[in-house]
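# Observations on the three-dimensional arrangement
Given next are the chains, with one letter for each unit.
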Amino acid sequence: MKFSTSRHFAPLVLLVGLLPLLGLGSCSSTDCPLQNTVSCHYSIYSSATGSLLSLPDSLTVRAADTTLLNRIHGVSTFSLPMSYVRPADTLYFRFANASASRTDTVVISHTNTAHFVSLDCGTSYYHKITGANVKAASTSGSLCTIDSIVVVNPDVTYDLSENLRLYLHTN
């Protein structure tokens, strides 16, 4: 009697091949947050009226040798990453229009806390803002300048809520 092994294993191979399609063969689910980037959220307000303001000039934000935002215009909110190594971020806000430019310096002091989600998602860092100050360049011309900065929510996490308010003086 001749015994064929391929005929007996065909149903088994077919069943094993269909298990992932049926959802029975794989049980991996990652619970990584959909918005898994921790960023500090800024809003722009008028220092004269206290109301939300669309950016009148173009804005470029740099940190050391890295450009974080490049020539944004007409927005009233934006987000920036924070350093998880340093206790403070020094940011250079360069306002520009067709005829002039100026750079204000903003220093954001913060603490960093590692936040482990899972092996699949890795570790991210939450921040707690402990202080914020601005050194405005000398006021001249028709460019806006940062008048002050206010911490609204010091906890920088996955949450998309406003963390800092920039009050701009517009000429």
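Reference entry: report on the structure contained in this document. (Residues numbered from 1 in each chain as written. Predicted model: local features only at pLDDT ≥ 70, side-chain atom pairs only at ≥ 80, totals over all residues. Heavy atoms only, no water.)

## A word on the pairing of strand β2 (residues 58–63)
Inspection of the sheet shows β2 paired to strand β5 (residues 88–96) by five bridges, in the antiparallel sense. The residue bridging Thr60 from the neighbouring strand is Arg94, located in β5. Taken together, the four bridges between β2 and strand β3 (residues 66–72) define a ladder with antiparallel strand orientation. Looking at the pairing, Val61 lines up with Leu69 of β3. Count of turn residues in the β2/β3 antiparallel hairpin: two residues, of which Ala64 carries a positive phi of about 55°. (Pairing = 2+ DSSP bridges. Helix = DSSP H or I, 4+ residues; strand = E, 2+ residues; numbered from the N terminus.)

## Thoughts on empty space enclosed by the protein
What the rule picks out here adds up to one cavity of 30 Å³ or more. Surrounding the largest cavity, Cys40, Tyr42, Leu80, Pro81, Met82, Asp89, Leu91 and Ile108 form its lining. Those elements that place two or more of their residues in the lining of the largest cavity are β1 (40–46) and β5. The residue makeup of the lining of the largest cavity, split by class, is seven nonpolar, no polar and one charged. (1 Å grid on protein atoms, 1.4 Å probe; cavity = no way out; pocket = protein on both sides within 12 Å on 5 of 7 lines; lining within 4 Å. Points joined across faces, edges and corners; volume = space filled by probe spheres on them. Nonpolar A, V, L, I, M, F, W, Y, C, P; charged D, E, K, R; others polar.)

## Observations regarding the layout of surface pockets
In this approach, a probe sized like a water molecule rolls over the atoms, and the result shows the empty space that is left. In this structure, the largest pocket encloses a volume near 200 Å³. When residues in the lining of the largest pocket are grouped by element, the largest group, four residues, is from β5. Partitioned by chemical class, the residues of the lining of the largest pocket number seven nonpolar, two polar and two charged.

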